[in-house]
Amino acid sequence: MALLNIIGAVTHALDSEMERDKTVVVYGEDVGYEGGVFRATVGLQKKYGVDRCFDTPLSEAAIVGTAIGMAINGMKPVVEIQFDGFVLPALNQIIAHAARMRNRSRGKYNLPMVIRMPYGGGIRALEHHSESPEAIFAHIPGLKVVIPSTPYDTKGLLLAAIRDPDPVIFLEPKRIYRAFKQEVPEEDYTVPIGKAKIVKSGEDITVVAWGALIREVQKAIEEVEKEGISVELIDLRTISPIDRETIIESVKKTGRFLVVHEAVKSFGPGAELISIVNEKAFLYLEAPPTRLAGFDVTVPLPRGEHHFIIEPRQIAKKIKEVVEF
Amino acid sequence: MFEFKFADIGEGIHEGVLLKWFVKEGDTVKEGDSLFLVETDKVNAEIPSPVSGKINKLLADVGETIHVGNTVVIIDDGGENNKVDSKNEPLSEDEKGAGVVGQIEVSSEVIESSDEGKQEEKKGKTKVLATPVARKLAKDLGIDINLVKGTGPAGRVMKEDIYAYKERKEKKLEVSQDAKETDVFIQPVGATFLRPEVKREEIKVYGEVERVPISRIRKTISENMVLSKSVIPHTSVMDDFDVTELVKLRTEQKEMARERGINLTYMPFIIKALTIALKEFPVFNSSFDDIKDEIIYKKYYNIGIATDTPDGLMVPVLKEANNKGILEIAKELEGLVERARNKTIGIEELYGGTFTITNYGALGSSYGVPVIRYPEVAILGIGKIDKKPVVMNDEIVIRHMMPVSLSIDHRIIDGGDAGRFLLRLKELLSNPMLLLLS
């Protein structure tokens with residue numbers, strides 16, 4: 001059992017899976033020699049050689065395209081896109097090919113590949129470094145989209161993603177890469193993809209969040225609990241496919257639903273979650289299912305970013321609004 | 001003192017050119033304020049201060065190349081000589097988090113271990129089913145919807161259920177305020193009518209008693225009576241009919257009927273007269289739907305006959321009395337009453353009545369205030385036919401008089417209507433030949 005932060009859990013998971021499975025290869029921009037800009041792949045090239053952990057040209061389309069080729073030939077590539085905003089040149093490869101290969105080949109080929117990328121704001125960064133693109137990927141049939149919020153889940157979900165027979169988009173909340181540590185077992189384990197986690201059970205309202213916002217919601221919960229509001233917090237963990245069952249069961253119990261995400265509001269993941277709640281738990285609702293999400297703007301540059309980032313006090317206010325509806 | 005070192009800013013950058021200082025020695029800075037602008041081979045980045053304090057010394061000049069690990073500025077943060085390059089405790093090389101493209105929070109705070117796979121059992125608190133509009137309604141009315149019993153699909157609480165619950169609650173409140181010993185409230189039954197229920201305190205007894213459970217029939221009678229009296233505002237009108245001619249006719253025809261095996265009573269004549277009057281006064285053959293505020297006029301005439309049986313009151317129904325002759329009615333009536341008394345009557349023979357006659361005269365009474373059979377709107381009580389001295393043409397004569405009592409639902413039938421209806425019956429029964437002509 002080691003105390004690891006999320007970045008450490010990524011490294012540990014990649015290391016243990018490269019050791020276990022010789023078909024796993026890890027690459028991307030600055031991934032090899034430098035060990036990645038966030039140091040997620042530190043030491044892997046040294047340990048497994050340049051054939052299994054290496055740097056690539058600055059071409060995200062090539063990174064994903066070659067991964068498709070490797071995966072179709074029986075390897076398990078785990079590629080890193082340096083920042084969420086850099087993935088855009090690779091969307092053609094991801095959407096037009098990776099997501100469709102199983103269907104296109106009528107089930108003959110599947111692509112066991114993982115595309116990792118840090119995502120989300122709150123780190124006072126530049127353009128293309130702060131976005132939350134989970135809905136873009138979740139909208140594409142054939143892709144799984146996973147976002148961990150703790151070191152434990154990071155290892156378990158990353159191992160599950162690498163072993164998954166189909167492409168998995170693995171979004172890492174960079175804001176909390178090093179924000180806290182948690183016990184992460186040395187031994188092998190996976191956290192199932194498609195299964196949300198009830199972080200905290202409660203009676204009055206169901207709050208769904210993921211990634212870096214889990215911690216922010218937890219801070220908000222501390223506030224509202226002082227006023228006697230009992231919150232059930234669900235960490236979605238997998239954006240697609242959504243764990244409908246856990247959410248519906250929870251809303252049937254609490255009768256109220258709030259989804260909090262940093263991704264921009266319109267056409268965001270919250271819209272889908274609220275639709276599910278309306279469709280499946282309508283008769284239990286005490287208040288309108290509600291979303292607290294990023295404004296419909298490009299994430300602002302550092303000086304204005306605090307206007308965009310969702311803070312615990314906003315979450316607490318929204319929780320009270322829904323409960324007191 | 002805080003020595004700010006140019007940190008490993010990630011992206012493989014080891015050095016940068018200091019382009020601009022945003023602070024000078026002696027300035028006060030807050031955590032997050034930009035200290036300097038650095039140009040790397042990737043980007044130009046503003047480097048924020050990790051602490052609040054006073055700028056003590058700048059250790060690099062504009063245009064100078066600074067390397068990772070170089071101390072660039074010393075900030076007086078009020079603390080001891082502090083050589084870390086982050087706001088937290090010293091970190092090993094791989095834990096440096098500040099980046100040229102941003103600033104990542106770095107902390108060694110340990111969060112709770114994952115409880116994956118050992119989550120607690122779900123608690124059993126359940127919610128009633130209801131549409132949001134129903135919940136809103138309950139909230140607006142100040143009602144806890146979880147206390148309302150639903151009558152909709154799968155027990156869903158409907159708006160009607162909430163209204164009924166509210167009414168019941170208010171009734172309860174009213175009564176408890178002005179009458180302590182009884183507790184009356186209205187409970188909804190089905191969707192079309194309100195069913196009254198009377199709650200009472202336990203009956204005190206002051207001597208030896210025997211408690212006997214009531215029969216099913218008695219229970220039904222009891223419920224029907226309470227229902228009728230609670231929902232229908234009754235009123236009654238009474239009169240005496242001169243039935244001397246009818247008595248004469250019946251006496252004449254009795255023998256003839258007996259030869260055909262029919263026991264001819266007055267009842268068939270009364271039923272016949274009634275069907276004629278009901279056609280002329282259709283509201284007496286109706287029901288009042290007070291939910292929809294509509295009167296349901298019935299085009300069929302089924303006359304219920306209140307019958308005294310050993311088990312209690314039963315009301316067999318003579319169907320389509322308007323289409324039957326007097327002897328036919330007499331014959332059918334006899335069978336019905338017989339079957340009611342020996343409990344062989346079919347259930348269908350007890351339903352579908354549109355108007356009821358009760359003949360308490362058979363036991364010698366004259367007047368009564370009959371209770372309407374809900375959802376009918378009137379009932380005719382027949383008293384004992386007796387010879388009475390009456391004034392005719394200013395002379396006292398002896399006539400056969402039949403006392404009648406008519407109870408009506410005063411919500412839809414006025415006293416005037418009742419009077420006119422009785423008058424028509426009187427006319428028909430005083431001149432039985434009219435029965436044949438009608």
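Just above sits the structure.
A short tour of the structure in this document, coming up. Each chain has its residues counted from 1, running along the sequence as written. Written order decides the labels, with chains lettered from A and ligands numbered from 1. Totals for whole chains, interfaces and linings use every residue, but because this is a predicted model, local features are given only for residues with pLDDT of at least 70 and side-chain atom pairs only at 80 or more, for both listing and counting. Remark: hydrogens and water are excluded; side-chain values derive from all non-hydrogen atoms of the structure.

1. Concerning the sheet that holds strand E10 (residues 205-209) of chain A
Residue and element names in this part refer to chain A. We call two strands paired when DSSP finds no fewer than two bridges between them. Numbering of helices and strands starts at the N terminus; helices are DSSP runs of H or I of at least 4 residues and strands are runs of E of at least 2. A sheet is described by the order of its strands in space; here five strands give the open sequence E9-E11-E10-E13-E14, paired in mixed fashion. Every interior strand has two partners, whereas the edge strands, strand E9 (197-200) and strand E14 (290-294), have only one. When strand polarity is set aside, the average angle formed by the axes of neighbouring strands in this sheet is 25 degrees. The pairing of E9 with strand E11 (residues 231-235) spans three bridges and is classified as antiparallel. What sits directly across from Lys197, in E11, is Asp235. Residues count as neighbours in contact if any of their non-hydrogen atoms are within 4.5 Å of one another. All axes here are fitted lines through C-alpha atoms, helices being fitted over the stretch that makes contact, and every angle between N-to-C directions spans 0 to 180 degrees. Running at roughly 175 degrees to E11, helix H8 (residues 213-225) makes contact with E9, E10, E11 and strand E13 (257-264) of the sheet.

2. Concerning the packing of aromatic side chains
Between 30 and 60 degrees the pair is tilted, below 30 it is stacked and above 60 it is edge-to-face, where a pair is any two Phe, Tyr or Trp rings, Trp via its six-membered ring, whose centres lie within 6.5 Å. Tallied over the entire structure, the rule returns 11 aromatic pairs over all chains. Taking the centre distance of 6.2 Å and the plane angle of 85 degrees together, the rings of Phe281 of chain B and Phe284 of chain B count as edge-to-face. Seen in terms of ring centroids, Phe284 of chain B and Phe421 of chain B are 4.0 Å apart; in terms of plane orientation they differ by 10 degrees. Their pairing is stacked. Of this pair, Phe284 of chain B sits in the loop between helix H5 (267-280) and strand E14 (286-289) while Phe421 of chain B sits in helix H7 (residues 415-430), and the two are 137 residues apart along the sequence. The pair formed by Phe284 of chain B and Phe421 of chain B is uniform in burial state, with each residue classed as buried. Each member of the aromatic cluster is reached from another via a ring pair, and the members are Phe38, Phe83, Phe86 and Tyr177 of chain A. The cationic tip of Arg250 of chain B hangs over the ring face of Tyr266 of chain B; the distance from NZ or CZ to the ring centre is 4.7 Å. Residue exposure (1.4 Å probe, protein chains only): buried if accessible area is under 20% of the type maximum, exposed if over 50%, otherwise partly exposed. We call a charge positioned above a ring when the Lys NZ or Arg CZ atom is no farther than 6 Å from the ring centre and deviates by at most 35 degrees from the ring normal.

3. Describing the pairing of strand E22 (residues 395-409) of chain B
Residues and elements named next belong to chain B. Here strand E13 (residues 234-242) runs beside E22; their pairing, made up of nine bridges, is antiparallel. Looking at E22, one finds that Asp242 is bridged to Met401. Here five bridges tie strand E20 (residues 378-382) to E22, and the two strands are oriented antiparallel to one another. When the bridges of E22 are listed, Leu380 appears paired with Leu406. With seven bridges joining them, strand E21 (residues 386-392) and E22 adopt antiparallel strand pairing. Following the sheet pairing, Asp386 is matched in E22 by Met401. Adjacent in sequence and paired antiparallel, E21 and E22 are bridged by two residues, among which Asn393 carries a positive phi angle near 50 degrees.

4. Focus: the environment of Pro167 of chain A
Residues and elements named next belong to chain A. Assignment of secondary structure puts Pro167 in the loop between helix H7 (151-163) and strand E7 (168-173). Among the residues examined, Pro167 registers a relative accessible area of 3% and is labelled buried. The spacing of Pro167 and Pro112 is 55 residues in sequence and 5.6 Å in space, taken between C-alpha atoms.

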